[in-house]
Amino acid sequence: MTLPATFVIDTPGDAARAAELRRVKLLATGVLAATFVVFLGAKALVPVHPVFGFIAAFAEAATIGGLADWYAVVALFKRPLGLPIPHTAIIQSNQHRIADKLGEFIEQHFLEAAPVEAKLREIDFGSFIADWLRDRKRSEDLARFALRLLPEAVAATENSGLMTFVSRRITAQLMAIDLAPLAAGTLRTFVKEGRHQGLLDDLLRGVHETMTQAETMAMIREKIRAELPTLLKLYRADKFLVNKIVASATAFFEEVRNDPAHPFRGEFDRMVLTFVDRLGTDPVYAEKIAGLKRDLLARPELTGLARHIWANVRSFFERSASGETQVLEQYLVRMFVTAGEALASDAELRAEINQGLVAVLRTVVAEQKSGVSTFISDQVKSWDMGQLISLIEINIGRDLQYIRFNGSLIGGLAGLALYTLEYLLRLL
């Protein structure tokens, strides 16, 4: 970053202050010259009347006081009359030390944790965010800004290899999941809620419907007929047996379905729970599920599906960013406005946001305050001190010139008091 090395005085206010400074300087110099002339005249007239001694004493001391304060004011900024007098041009000679001390002063007195935290706690960040998001125009601008960034973010994600890293991490995490206990826990909850009984009813209904179909009955009859002796086939025993089997099964299924306390339901409970227990503890089941998971994740169709989904998502983002579709933008706007309204009505959440931001910003300031101090120091060191002094003189030089007036007045009064004391002592 390039630091400004010059200051340009081109504002109307600066020009007016510069003109006023020149006027006051001329007036202060005129007062100094006037006191010197009065001193010479009064000194010459002392023999005429003693009162001129008092006037001469006042004028002499006023001249000396004016000269001393002129020297002090000039020495602050430059060398008086261009002479290399020690301890003059104080600001120019101590530019680096002033820069370091200024940075140190700001770091120690303005960026300390306590005053920074106190100032941050005065700001209601939560309300500001809520009001900002509730403004629909701002939310629309924010949504459009986010959409403009999406294609670039997607491209950066693809080009940086982040997609490969994420896909590998997801695959690794999925491989690390032990599905057997998870499946066992899910099934146990399923059974505990009694939802497996509904599955049993559906299963019985499906078996009943299948068995009563003509095709199924014909197939069963053929199987029975193939096993019967020839004599029984002549008496059509196969048809009788099929009808009895189907009738008995249908009656059994209806009995189970209509009786919630049927013993078969209890047996089904025990069977399912036994399977669940084995699923959660038997290594054989765990290995079978793990193998199934590995085979599924290794399928090329799964990779192709993921790529297809990502391509569709990327295309949707690009169309949203170009304005071809407004779906995502409208959704984002509604989401931002809704979030703002929810935040505005939730004082507790706003307080948490304020507390969190105060903690974050306080830490940032604490970690970066030495850098701020260094930046200020380097900034001041890079300035053109000649122009800086001119800027300081324009802004405070008028007040400094009044020091010369005060020096003349105070010096004159002090000289007059001392002369009066000397005069009285001579009379004694």
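Predicted model only: the values in this text are computed from it and were never measured.

(A) Looking closely at the packing of aromatic side chains. Taken as a whole and assessed by the stated rule, the structure comprises five aromatic pairs. Plain terms: the ring middles of phenylalanine 105 and phenylalanine 110 are 5.8 Å apart, the flat faces sit at 65° to each other, and that makes the pair edge-to-face. Of the residues examined, phenylalanine 110 reaches a relative accessible area of 52% and is grouped as exposed. Relative to phenylalanine 317, the ring of phenylalanine 316 has its centre 6.4 Å away and its plane inclined at 40°; by these criteria the two rings are tilted. Of the residues examined, phenylalanine 317 reaches a relative accessible area of 19% and is grouped as buried. Here a set of aromatic residues connected by ring pairs shows up, and it is made of Phe54, Tyr419 and Tyr423.

(B) A look at the UniProt feature "transmembrane region" (unreviewed entry) in the chain. In the numbering used here, UniProt assigns the "transmembrane region" (unreviewed entry) feature to residues 26-46, 52-77 and 405-425. Strand forms 0% of residues 52-77 and helix 100%; the C-alpha atoms that close the span are 38 Å apart.

(C) Examining the side chain of threonine 35 more closely. Relative to the helices and strands, threonine 35 resides in helix H1 (residues 12-44). Ignoring sequence-local partners within four residues, the contact set of threonine 35 consists of Ala59, Ala62 and Thr63.

(D) Quick look at the domain arrangement of the chain. By domain assignment, the chain separates into domain 1 (20-88 + 384-427) and domain 2 (179-297). The centre of domain 1, based on its C-alpha atoms, is set 118 Å off from the matching centre of domain 2.

(E) Representation of a nonpolar patch on the surface. Together, Phe165, Val166, Ile170, Leu174, Ile177 and Leu182 give the surface a local cluster of nonpolar side chains, amounting to about 520 Å² of exposed area. As for its placement among the helices and strands, phenylalanine 165 is situated in helix H8 (residues 162-176).

(F) Inspection of the packing of helix H5 (residues 113-121) against helix H18 (residues 347-382) at higher detail. Between H5 and H18, the shortest axis-to-axis distance is 10 Å and the interhelical angle comes to 145°. Here the hand of the crossing between H5 and H18 comes out right-handed. The segment H5 lies against H18, with Val116, Glu117, Leu120 and Arg121 engaging Val358, Leu361, Arg362 and Val365. In terms of residue class, the contact of H5 with H18 is made up of five nonpolar, no polar and three charged.

(G) Just the nonpolar core, in detail. Leu204, Met211, Phe253 and Val272 are the most contacted members of the largest nonpolar core, which totals 13 residues. Secondary structure elements with two or more residues in this core: helix H9 (179-192), helix H10 (195-211), helix H13 (237-258) and helix H14 (263-281). Counting residues in hydrophobic clusters, the runner-up holds ten residues, among them Leu133, Ala143, Leu147 and Leu332.

(H) Here's a closer look at the layout of surface pockets. Volume-wise, the largest pocket comes out at about 530 Å³. If you go around the largest pocket, you meet 16 residues; those closest to its centre are Met163, Ser167, Thr303, Ala306 and Arg307. Looking at the lining of the largest pocket, the elements that each hand over two or more residues are H8 and helix H16 (300-321). Broken down by element, the residue count for the lining of the largest pocket peaks at eight residues, all from H8. Taken together, the residues that form the lining of the largest pocket break down as ten nonpolar, four polar and two charged. Space inside the second largest pocket adds up to approximately 160 Å³. Taken together, Leu187, Phe190, His196, Leu199, Leu200, Leu203, Phe268, Met271, Val272, Phe275 and Val276 make up the full set of residues lining the second largest pocket. Of all the secondary-structure elements, those providing two or more residues to the lining of the second largest pocket are H9, H10 and H14. When the residues that make up the lining of the second largest pocket are grouped by side-chain class, the tally is ten nonpolar, one polar and no charged.

(I) Region of the structure containing H9. With 14 residues, H9 extends 20 Å between its outermost C-alpha atoms, agreeing within 8% with the 20 Å of an ideal straight helix rising 1.5 Å per residue. Packing partners of the buried residues in H9 comprise H10, H14 and helix H15 (283-298). Trailing H9 by a residue or two, glycine 194 shows a phi angle of about 75°, which is positive.

Cut-offs used in this document
- Starting afresh in each chain, residues are numbered from 1 along the sequence in its written order.
- Two thresholds apply to this predicted model, a pLDDT of at least 70 for residue-level local features and 80 or more for giving and counting side-chain atom pairs, whereas whole-chain, interface and lining totals are computed over all residues.
- Each side-chain value is derived from all of the structure's non-hydrogen atoms; neither hydrogens nor water enter the calculation.
- Think of it this way: a Phe, Tyr or Trp ring, Trp meaning its six-membered ring, pairs with another when their centres are within 6.5 Å, and the plane angle makes it stacked under 30 degrees, edge-to-face over 60, tilted otherwise.
- Accessibility here uses a 1.4 Å probe with only protein chains present; expressed as a share of the type maximum, an area under 20% marks a residue as buried, one over 50% as exposed, and anything in between as partly exposed.
- UniProt positions are given in the numbering used here, feature names are shortened, and annotations may be inferred rather than shown by experiment.
- Numbered from the N terminus, helices here are DSSP runs of H or I no shorter than four residues, and strands are runs of E no shorter than two.
- Any pair of residues with heavy atoms lying within 4.5 Å of one another is described as a contacting pair.
- An automatic or database domain assignment supplies the start and end points of every domain.
- Candidate patch residues must exceed 30% relative accessible area and have no salt bridge, after which like charges are joined if within 9 Å and Val, Leu, Ile, Met, Phe, Trp or Tyr side chains if within 5 Å.
- Note that accessible areas follow from Shrake-Rupley with a 1.4 Å probe, and for residues the cover is restricted to the protein chains shown.
- By salt bridge we mean one thing: a side-chain nitrogen of Lys or Arg within 4 Å of a carboxyl oxygen of Asp or Glu.
- For helices, the fitted axis covers only the stretch in contact; all axes are lines through C-alpha atoms, and the angles between them, taken along N-to-C directions, range from 0 to 180 degrees.
- Helix crossings get a hand from a simple test, with the near helix turned counterclockwise from the far one by less than a right angle marking a left-handed crossing and a clockwise turn marking a right-handed one.
- Each residue receives one of three labels: charged for Asp, Glu, Lys and Arg, nonpolar for Ala, Val, Leu, Ile, Met, Phe, Trp, Tyr, Cys and Pro, and polar for the others, Gly being one of them.
- Note on terminology: a nonpolar core comprises buried Ala, Val, Leu, Ile, Met, Phe, Trp, Tyr and Cys residues joined through side-chain atoms within 4.5 Å.
- For each structure, a 1 Å grid was placed over the protein atoms alone; sets of points admitting a 1.4 Å probe that cannot get out are labelled cavities, open sets with protein on both sides within 12 Å along at least five of seven lines are labelled pockets, and lining residues have an atom within 4 Å of a point.
- Grid points are joined across faces, edges and corners, and a volume is the space filled by probe spheres set on the points.
- What a helix is expected to span follows from its residue count: subtract one and scale by 1.5 Å.

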